[in-house]
Amino acid sequence: LAKTTQPISMDSYEGQEVNITCSHNNIATNDYITWYQQFPSQGPRFIIQGYKTKVTNEVASLFIPADRKSSTLSLPRVSLSDTAVYYCLVGVGTGSQGNLIFGKGTKLSVKP
Amino acid sequence: SQTIHQWPATLVQPVGSPLSLECTVEGTSNPNLYWYRQAAGRGLQLLFYSVGIGQISSEVPQNLSASRPQDRQFILSSKKLLLSDSGFYLCAWRRGFNQPQHFGDGTRLSIL
């Protein structure tokens, strides 16, 4: 069972780049890495997903080293509205229900 | 485009009363459906998932049950609520394995 480890919290200031790293030492060969964002009293929102190397979309980048035992979510030039909890998910590796185990996430606080 | 609806948004129920939370998805067919619960300040706990009509898998044995009477409808129920059933209940869907999940806005359930 793949387990993830993230920092409990991070602080940043508006305009800075924020990098949140997730460790997943037991990731399986066919597992993808998925990141979600959650605001208070809302459901998590999908941010980005990747398998290896680098993935970029309009809101974030995801960096995955060759051994895939960790991944880094990069948020460029954060704003106050990026204050939220960020979850890293890795598939459980077998069956049809991967990427379902949510940890406690990383609480990002962006200050003015 | 696909949308997911959950209702009600908030619910206050006495201990021992029944529960029925409904979730529907529009704009897709044969989705995988999920029920999660989130306690205050905690991560998401997977309760049930379904890969098809009438197919329910339970992740955590407890006072709750789930049903999928139609392809895009997922219902969470209880015959007798406990104080420990309080929490934020989230419904989610996705197309399949290693696909990202899409969450509803959740139901805040308070048991008195």
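Please refer to the structure higher up on the page.
Residues numbered from 1 in each chain as written. Chains lettered and ligands numbered in written order. Predicted model: local features only at pLDDT ≥ 70, side-chain atom pairs only at ≥ 80, totals over all residues. Heavy atoms only, no water.

Trainee: Would you mind going over the interface of chain A and chain B with me for this structure?
Mentor: When the parts of a complex come together, some accessible area is lost, and that lost area is often used as the size of the interface. Contacts between the two partners involve 22 residues from chain A and, on the opposite side, 22 residues from chain B. For the pairing of chain A and chain B, the buried interface totals around 1,700 Å² over both sides, and the portion due to carbon and sulfur atoms is 52%. Counting the contacts that link chain A with chain B gives four residue pairs in polar contact (both at pLDDT 80 or more). Those elements that place two or more of their residues in the side of chain A that touches chain B are β3 (33-38) and β4 (45-50) of chain A. The element that contributes the greatest number of residues to the side of chain A that touches chain B is β3(A), accounting for three residues. Per-class residue counts for the side of chain A that touches chain B are seven nonpolar, 13 polar and two charged. (Contact = heavy atoms within 4.5 Å. Buried area = accessible area lost by both parts, 1.4 Å probe. Polar contact = N/O pair within 3.5 Å; in protein donor to acceptor, adjacent residues only side chain to side chain. Helix = DSSP H or I, 4+ residues; strand = E, 2+ residues; numbered from the N terminus. Nonpolar A, V, L, I, M, F, W, Y, C, P; charged D, E, K, R; others polar.)

Trainee: How do you make sense of the pattern of salt bridges when you look at a structure like this?
Mentor: Pairs can form between side chains of opposite charge whenever their charged atoms are close. Using the criterion set out here, one finds three salt bridges over all chains in the structure. For the salt bridge of D11(A) with K111(A), the shortest nitrogen-to-oxygen distance reads 3.8 Å. A residue pair is termed long-range when its members are at least 10 positions apart, and D11(A) in strand β1 (residues 9-13) and K111(A) in strand β9 (residues 106-111) qualify at 100 residues. Between D71(B) and R68(B) there is a salt bridge; the shortest N-O distance is 3.2 Å. According to the relative accessible area criterion, D71(B) is partly exposed, its value standing at 22%. With a relative accessible area of 3%, R68(B) lands in the buried category. (Salt bridge = Lys/Arg side-chain N within 4 Å of Asp/Glu carboxyl O. Buried < 20%, exposed > 50% of the residue type's maximum accessible area, 1.4 Å probe, protein only.)

Trainee: Explain the sheet that holds strand β3 (residues 19-26) of chain B here, please?
Mentor: Neighbouring strands of a sheet are bound in pairs by backbone hydrogen bonds; such pairs are parallel or else antiparallel. Residue and element names in this part refer to chain B. The strand order across the open sheet formed by four strands is β1-β3-β8-β7, and the pairing between neighbours is antiparallel. Strands at the two margins of the open sheet, each flanked by one partner only, are β1 (3-7) and β7 (65-70). Each strand axis lies, on average, 20° off the axis of its neighbour in the sheet, ignoring direction. Bridge count for β1 against β3 is five bridges, and the pairing is antiparallel. For T3, the partnering residue across the bridge sits in β3 and is E26. (Pairing = 2+ DSSP bridges. Axes fitted to C-alpha atoms, helices over the stretch in contact; angles between N-to-C directions.)

Trainee: Please explain the environment of F48(B) as it appears in this structure.
Mentor: All names here are of chain B. Relative to the assigned elements, F48 resides in strand β5 (residues 44-52). For F48, a relative accessible area of 4% puts it in the buried group. Separated by 42 residues in sequence, F48 and Q6 place their C-alpha atoms 16 Å apart. Each residue touching F48, except ones within four places of it in the same chain, is listed here: L33, Y34, W35, I56, S57, S58, L64, S65, A66, F74 and L76.

Trainee: Explanation requested: the packing of aromatic side chains in the structure shown.
Mentor: A ring pair, where both rings are aromatic, is described by two values, the distance of the centres and the angle of the planes. Enumeration according to the criterion identifies six aromatic pairs over all chains in this entry. Their ring planes at 70° and their centres at 6.2 Å tell us that Y36(A) and F46(A) sit as a pair that is edge-to-face. Taken together, the residues span a long stretch of sequence, with Y36(A) in strand β3 and F46(A) in strand β4 at a distance of 10 residues. The buried category is assigned to Y36(A), whose relative accessible area is 1%. Chaining the aromatic ring pairs together yields one cluster made of Y36(A), F46(A), Y36(B) and F103(B). Over the face of the ring belonging to Y51(A) we find R68(A), whose NZ or CZ atom lies 3.9 Å from the ring centre. (Phe/Tyr/Trp six-rings, centres within 6.5 Å; stacked < 30°, edge-to-face > 60°. Lys NZ or Arg CZ within 6 Å of the ring centre and 35° of its normal.)

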